[in-house]
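Residue-level listing of the chains:
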Number of protein chains: 2
Amino acid sequence: MSVNIKELAKIIGVSISTISKALNDKSDISEELKIKIRNAAIEYSYSPNPIAKRLVAKKTNTLGVFILNRDNIPLKHYFEFQFLDGIIREANLYNNDILIFTNTNDLSYKKSYIDECKERKLDGAIFLGLREDDPFFENIQTSYIPVCAVDTEIYGENVSFVSSDNKGGIIKALEYLWELGHRDIFFISGCQNAFVSNERLYGYKSFMESKTLFNKEYIFEGNYSFESGIRAGEQLLNKKITAVVSSSDMMALGMMQYLKKNNIRIPDDISIIGFDDIISCEHSEPSLTTIAQNVVTMGRKSVDIVLNGNKSPILVETELIIRNSCKKIN
Amino acid sequence: MSVNIKELAKIIGVSISTISKALNDKSDISEELKIKIRNAAIEYSYSPNPIAKRLVAKKTNTLGVFILNRDNIPLKHYFEFQFLDGIIREANLYNNDILIFTNTNDLSYKKSYIDECKERKLDGAIFLGLREDDPFFENIQTSYIPVCAVDTEIYGENVSFVSSDNKGGIIKALEYLWELGHRDIFFISGCQNAFVSNERLYGYKSFMESKTLFNKEYIFEGNYSFESGIRAGEQLLNKKITAVVSSSDMMALGMMQYLKKNNIRIPDDISIIGFDDIISCEHSEPSLTTIAQNVVTMGRKSVDIVLNGNKSPILVETELIIRNSCKKIN
DNA sequence: TTGTACGCGTTATCAA
DNA sequence: TTGATAACGCGTACAA
């Protein structure tokens, strides 16, 4: 099919080591020979076998990405899936390959993820959807290869994480509502004990307390689903609320649907802000103001952390996307 | 970190070839020795270096997946991204790794995709979002490694494709509407000259012609976007239509929004059926009846084609998901 | 049944 | 400046 270094050497009548050096631009080869060899390499479409390179380099330039799916939902509906975009791009930028592992169905991991990496000689690993009660959580903390988790708080010698600035994002939303004159602001929380949920809840708490407006009756604990947004809406009917901040767009959309059915107008009667910026936000009626997560940057940062052995967590800025679901209060 | 075959050999006092044979369950090693060696392998956590294996096997067990993004939209909004789910699962099932390539931003390919595979010694390739006017289309057709495209019609010695049964899907929708009594059925087509669009349009044409109902005034050419669905809605106002079949959910949803704003009730005044079964279908008002594509199966089949060198195209069954956007006509 | 020796395609060391 | 050779870790004829 294509020649290898030995054949190319024979063709141009030099040794294989000369070719290797020339192509790797080593200093101890004359410029003219380098040119000659480079041209020959192109002519005979020679390119070094990456497998052989990896064998001698003892480095695979490959990162493992573990997509840890909680409820066996299809990947396409799985939020963490989106991080792949940035991960792939950033990894390619540094000539790293990524290998994706999934734990649904067939592969319920008995082997620890880190062992999997070890066997495959991977240079690092990224975890999406990692839970603190994962059987291998501690095993990951003590990993000998660099590891980064996305949206999971985890610390260790070679371990760090990246997440959105969840707390800051919620506060942005609340400040916006505050400027609009809202004081009675409801909060839809995500599942408790998850890092991002806690951070968002914490953002709500601290802002509201700073304005001495905090009322824990104004918090509903959902589970990020559309349906739990509907249930949150039910809670709202008998409360004097003018605005809602939701920990996810899905829940905000669910609530919106419920409210509209009950003849509550948005944003005239109630203002709503979501979190994530999923595509439906643009198309809902009214379109949904939301805190956008920069998933591409999050993905990129996660590979940066692994590649640079970075130890301090990274919080990625969120952005308030103003649409039509909020209104000034009179 | 962990032992290699040579060290393990020294530890248990046998030769490396004995270990290799024992672990690969060759017939010329005694059963007791095999057991002894397997146990030792576990004890010293030995596992063969996959890189070295690949070097000698001259086979990487790795498939390239090219995600060819048309308009540089983020991957998360990119429909083809969903095929990854099935691709990853099926590849893992057969102990194959996948390598993902993207052509957005940084990497606008000058090198042909097949050359990329060649350099990386990949065993096969899968193309998502491949267009017929791609500069390397012909190059792919004549690929020497097995190739499968998803949703692109392509033929070649080692080349095949997988798609939904788009024509059959549309016909399913039309038959359903027919049973419901609809006769004046509008069709929102996707961008012309794309394979799937043509198939869906062809399904509409042939069904309508078979009922001698065909009227080309009843076709609107959109571009799969929400906005083009709105434009399709505008076309509808002055036509006597009772039902609409759309080539995508996004367009159906766009049309639905427009129609509702213009006080046309769904499904009372107009029945609507979409295509794809995106998540928003469940949450729209009314929820949207649609032709579901089985993206997981499509992904799986694409790797089957590559792995088995299958030559005949595969069309995956679609499924009519009945929700609340269609109604019997009186 | 077990072991020796070579080859897979590179890079790196050291001698020429 | 160039080239011979060992090493990377494994599989596999072939010899013992």
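Just so you know, these numbers come straight off a predicted model, no measurement behind them.

What follows concerns the relation of the copies chain A and chain B. The operation relating chain A to chain B is a screw motion whose rotation component is 180°, with 0.0 Å of axial translation and a residual RMSD of 0.1 Å. One copy is carried onto the other by what is essentially a two-fold rotation axis.

Counting 51 residues, the largest nonpolar core has Ile67(A), Leu84(A), Ile98(A), Ile67(B), Leu84(B) and Ile98(B) as the members making the most contacts within it. Among residues more than four places away in sequence, those in contact with Ile98(B) are Ile98(A), Leu99(A), Leu63(B), Val65(B), Leu84(B), Ile87(B), Ile88(B) and Ala91(B). Listed in part, the 44 residues of the second largest apolar core include Phe137(A), Leu99(B), Ile154(B) and Val159(B).

Lining the immediate surroundings of DNA strand D are 28 residues, of which Thr18(A), Lys21(A), Asp28(A), Lys58(A) and Ile5(B) lie closest. Taking all atoms of DNA strand D within 4 Å of the protein, the share assigned to sugar and phosphate is 66%. One of the side-chain nitrogen or oxygen atoms of Lys58(A) is found 2.3 Å away from a phosphate oxygen of DNA strand D. Asn49(B) places a polar main-chain atom, nitrogen or oxygen, 2.9 Å from a phosphate oxygen of DNA strand D. Mapped by element, the contributors of at least two residues to the surface near DNA strand D are α2 (16-23) and α4 (50-57) of chain A together with α2 (16-23) and α4 (50-57) of chain B. A per-element tally of the surface near DNA strand D places α2(B) first, with four residues. The class makeup of the residues in the surface near DNA strand D is eleven nonpolar, eleven polar and six charged.

Enumeration according to the criterion identifies three cavities of 30 Å³ or more in this entry. As a volume, the largest cavity reaches approximately 210 Å³. Contributing to the lining of the largest cavity are 18 residues, with Arg54(A), Thr62(A), Arg54(B), Thr62(B) and Asp97(B) lying nearest its centre. Mapped onto the lining of the largest cavity, the elements with two or more residues apiece are α4 and β2 (97-102) of chain A together with α4 and β2 (97-102) of chain B. Considered class by class, the residues forming the lining of the largest cavity number eight nonpolar, four polar and six charged. Within this model, the second largest cavity holds a volume of roughly 40 Å³. Contributing to the lining of the second largest cavity are Asn92(A), Asn96(A), Asp97(A), Ile98(A), Leu99(B), Ile100(B), Phe101(B) and Arg120(B). Those elements that place two or more of their residues in the lining of the second largest cavity are β2 of chain A together with β2 of chain B. The greatest single-element share of the lining of the second largest cavity, amounting to three residues, is contributed by β2(B). Residues that form the lining of the second largest cavity fall into these classes: four nonpolar, two polar and two charged.

Turning our attention to the layout of surface pockets. Roughly 960 Å³ of volume is contained in the second largest pocket. If you go around the second largest pocket, you meet 31 residues; those closest to its centre are Lys121(A), Asn4(B), Ser47(B), Pro48(B) and Asn49(B). Counting only elements with at least two residues in the lining of the second largest pocket, the list comes to α4 and α6 (113-119) of chain A together with α1 (5-12), α2 and α4 of chain B. The element contributing the most residues to the lining of the second largest pocket is α4(B), with four residues.

Moving on to a nonpolar patch on the surface. A contiguous nonpolar surface patch, about 280 Å² in accessible area, is contributed by Leu93(A), Tyr94(A) and Leu307(A). Relative to the assigned elements, Leu307(A) resides in helix α13 (residues 295-308).

Now for the sheet that holds strand β12 (residues 319-321) of chain B. Adjacent strands of a sheet form backbone hydrogen bonds with each other and so pair up, either parallel or antiparallel. Residues and elements named next belong to chain B. Taken together, six strands build an open sheet; the order of strands is β7-β6-β8-β9-β10-β12 and the sheet is mixed. Among the strands making up the open sheet, the edge pair consists of β7 (219-221) and β12. Here the strands of the sheet are splayed against their neighbours by 20° on average, with no regard to which way each runs. Relative to strand β10 (residues 289-292), strand β9 (residues 271-276) runs parallel, the two being bridged by four bridges. Its bridge partner lying in β10, aspartate 276 is registered against alanine 292.

Moving on: the environment of Gly233(A). Residue and element names in this part refer to chain A. Within the element layout of this structure, glycine 233 appears in helix α10 (residues 226-236). Once the C-alpha coordinates of glycine 233 and asparagine 263 are considered, the two residues, 30 residues apart in sequence, prove to be 12 Å apart. The residues contacting glycine 233, other than those within four sequence positions of it, are Met255, Tyr258 and Leu259.

Residues and elements named next belong to chain A. If you trace the backbone, arginine 200 turns up in helix α9 (residues 195-210). In this structure, arginine 200 is buried with no salt-bridge partner, the nearest side chain bearing the opposite charge being aspartate 276 at 4.4 Å. In contact with arginine 200, not counting residues within four places along its chain, are Asn166, Ile170, Phe187, Tyr224, Ser247, Phe275, Asp276 and Gln293.

Time to look at the sheet that holds strand β8 (residues 243-246) of chain A. Residue and element names in this part refer to chain A. Spatially, six strands are ordered β7-β6-β8-β9-β10-β12 in an open sheet, and the strand pairing comes out mixed. The sheet is open, and its two borders are formed by β7 (219-221) and β12 (319-321), each paired with just one other strand. Averaged over all adjacent pairs, the angle separating strand axes in this sheet is 20°, with direction ignored. The strands touched by α9 are β6 (185-189), β7 and β9 (271-276); relative to β6, the strand with the most contacts, the crossing angle is about 160°.

Rules behind the numbers
- Residues numbered from 1 in each chain as written.
- Chains lettered and ligands numbered in written order.
- Predicted model: local features only at pLDDT ≥ 70, side-chain atom pairs only at ≥ 80, totals over all residues.
- Heavy atoms only, no water.
- Least-squares fit on C-alpha atoms with pLDDT ≥ 70 in both.
- Core = buried A, V, L, I, M, F, W, Y, C linked by side-chain atoms within 4.5 Å.
- Buried < 20%, exposed > 50% of the residue type's maximum accessible area, 1.4 Å probe, protein only.
- Contact = heavy atoms within 4.5 Å.
- Near = heavy atom within 4 Å.
- Polar contact = N/O pair within 3.5 Å; in protein donor to acceptor, adjacent residues only side chain to side chain.
- Helix = DSSP H or I, 4+ residues; strand = E, 2+ residues; numbered from the N terminus.
- Nonpolar A, V, L, I, M, F, W, Y, C, P; charged D, E, K, R; others polar.
- 1 Å grid on protein atoms, 1.4 Å probe; cavity = no way out; pocket = protein on both sides within 12 Å on 5 of 7 lines; lining within 4 Å.
- Points joined across faces, edges and corners; volume = space filled by probe spheres on them.
- Patch = residues over 30% accessible without salt bridge, like charges linked within 9 Å, V, L, I, M, F, W, Y side chains within 5 Å.
- Areas by Shrake-Rupley, 256 points an atom, 1.4 Å probe, with all protein chains shown as cover.
- Salt bridge = Lys/Arg side-chain N within 4 Å of Asp/Glu carboxyl O.
- Pairing = 2+ DSSP bridges.
- Axes fitted to C-alpha atoms, helices over the stretch in contact; angles between N-to-C directions.
- Lys, Arg positive; Asp, Glu negative; His and termini not counted.

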